[in-house]
Amino acid sequence: MSFNKSIHNELLMLSNVSNIEKLAKRAAIIALNNFEWRFITYLFYNTSVFCGVDFFARAFGKSLIVGYGRFNTRIADITHQYVLFGTDVSNVAQMLEWMKKYQFDNNGKYIVICLSRHQCHEAEVVNMLWNYKIVNVVFLKTEISSNKPVVYSYFNQKYDCLNVLPVKLEEKRSCYKYGKCLEMFPLKLRNLQTCPITVSTFTQTPYMIITDGVPSGADGDLLRLIIEKLNASLVLMTPHRGFGWGKLEDDGTWSGSLADVYYGLANFSMTSASITLSRFTNFQMSMDYNTVSVVWVTHPSTMESPSLKLIRPFEFEVRIALAISFLMVVLLNVIIKSTCWKSLLRTSNMLHPRRSLVFYSWELCMGLPSTKLPSKSAFLHVVLFWIWYCFLVRTFYTVFLIRALKTNVYYSDLQSIEDAIAANYEIGGGPALKDYYIDEPAIYDRWINLESNEIFSAMINVSQGQKFVIGMNFETSKIFQKKHSLDLHMLPQKVISSPTVIFFKKFSPLVASINAILTQLIEAGFTSKLYKNYTKFRYTTRSGSIKKAINLVHYTGCYAIIIGGWTISSVFFILELYWGRSRISK
């Protein structure tokens, strides 16, 4: 980095080198008492004033990274406190422009030293610093009248949205005698004097509800508390480009609410947005104040045919047991018709039964009265036990059949996104959620982007059976089901559980003050209380669980049985007529 060579002429006019030494030592004492030792200090200087750097380094006595325009990319990431040695206002401006270019942290602590006695006017410097949004700063210069170092800052007492005025910082004598300086970097921008704060957001129930320009909801109420604590006036805006949270477009531009922040149209975005890599890289974030669960949502499984309701009271094992019991009757009937059984009857002087054993057992099972019982006690007990068994089966069946007729039964639901992929379902959701699956081509390649204004219409289509899986906010899906009384199925597998934050432009000076307010509100329990107020409600997961009147479709199984019985009877009747005529003709 090169600087204007005319600064050398100015340095020649500085006949008293001791003034530079005084400024450097004063800056060193301020740094010793206000900088944090966990961060290394970056010292940026003009090569023509190296003597001032030497004075500062000797008085400071701590580790420094010293630079004069050459740059290592790691420096901007690891440094958060800075000392700048400039010759005049224009020289300091060049330094700040260079630091902005390489994205140094302008929220860090700055000590700016201006060496010229006539071209370092404090009003110009503080206006320049505010243009670069550097507020945690002290400015040192030599006072012409007293020939002593003086220290300035701005916004220390209050914020003024119309004028940026320098504030002279008074120090105690003990500051230098005992090394105890006053706090030079107080938390600023806590009282904005009713100046406007522009916030980008959009309607998102239950988090943000906007009625006549007044926000409510879990985020809306929290936003009003933050603005009240800042003593600011709130100006709401909806995304000027695109919809919803926004995303990084293919051409490198931003859309949605985040675009308002990125391009300086809003001070911050409050939309309960989850954290993604692109958002983390391009924006400054507040501390997290809540958590959002993103889940997979699809249609409920298809309903089982009503014609199967007659067998619904029986589980699979019971059906097998009943089938075996009636097969035993059939097998016994076959044995009775065998020649061996006839020989046994003749030997024991017993008569052959005149009625079919199968038909007789079925009559007893249906509860029809028996006109004649076996005379032999052994056979009588067998029949009585069969009657008792059939009575119990009929009783249990009737009790559970009532519930089965009134309840819709569904086939098994999807359990994971892999099941949906195997079933050839479409997959989609908010554009930002797609980033979570960049390493999973099976999901990433088939992802369909849904803007915030398209989510509800997509959910209606899904509830009606569309083979689509949507990644969306859990609370929003609950609100949808409650409002529209439609069924949705949430897969047990979550997409992500992400902390929610407020998004600012990179290195926004509002981050520290809003974080301080959020800390108080979180510790007081306001954020969790607001969340519960707007999300705690009951909703029905299946409309099929609602009691309904029995209609014709519930009798489908009954009609199937009677029609099937009549058909079989007709077939056997025709066969009997045919075989009877054949015998007569013979």
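Before reading further, recall that the structure is shown in the block above.
This section reports on the structure supplied with the text. This structure is a prediction, so every number in the text was calculated from the model and none was measured.

### So, the sheet that holds strand β16 (residues 447-449)
The strand order across the open sheet built from five strands is β16-β15-β17-β14-β18, with neighbouring strands paired in mixed fashion. Looking at the sheet topology across the chains shown, the edges are occupied by β16 and β18 (489-500). Mean inter-strand twist for the sheet, computed between neighbouring axes without regard to direction, equals 25°. Direction of pairing for strand β15 (residues 426-429) relative to strand β17 (residues 468-473): parallel, over a ladder of four bridges. Paired with glutamate 426 across the bridge in β17 is phenylalanine 468. Contacts between helix α17 (residues 455-463) and the sheet are confined to β14 (290-298) and β17, with β17 contributing the most and set at about 135° to the helix.

### Looking at unusual backbone geometry
Across the junction of threonine 205 and proline 206, the peptide omega takes the value 5°, indicating a cis bond. At threonine 194, a position not held by glycine, the phi torsion is positive, near 60°. Along the chain, threonine 194 turns up in the loop between α7 (174-177) and β8 (196-200). The phi dihedral of aspartate 212 falls on the positive side, at around 55°, and the residue is not glycine. Following the sequence through the fold, aspartate 212 ends up in the loop between β9 (209-211) and β10 (214-216). Under the relative-accessibility criterion, aspartate 212 is labelled exposed at 77%.

Calculation rules
- Residues numbered from 1 in each chain as written.
- Predicted model: local features only at pLDDT ≥ 70, side-chain atom pairs only at ≥ 80, totals over all residues.
- Heavy atoms only, no water.
- Pairing = 2+ DSSP bridges.
- Helix = DSSP H or I, 4+ residues; strand = E, 2+ residues; numbered from the N terminus.
- Axes fitted to C-alpha atoms, helices over the stretch in contact; angles between N-to-C directions.
- Contact = heavy atoms within 4.5 Å.
- Buried < 20%, exposed > 50% of the residue type's maximum accessible area, 1.4 Å probe, protein only.

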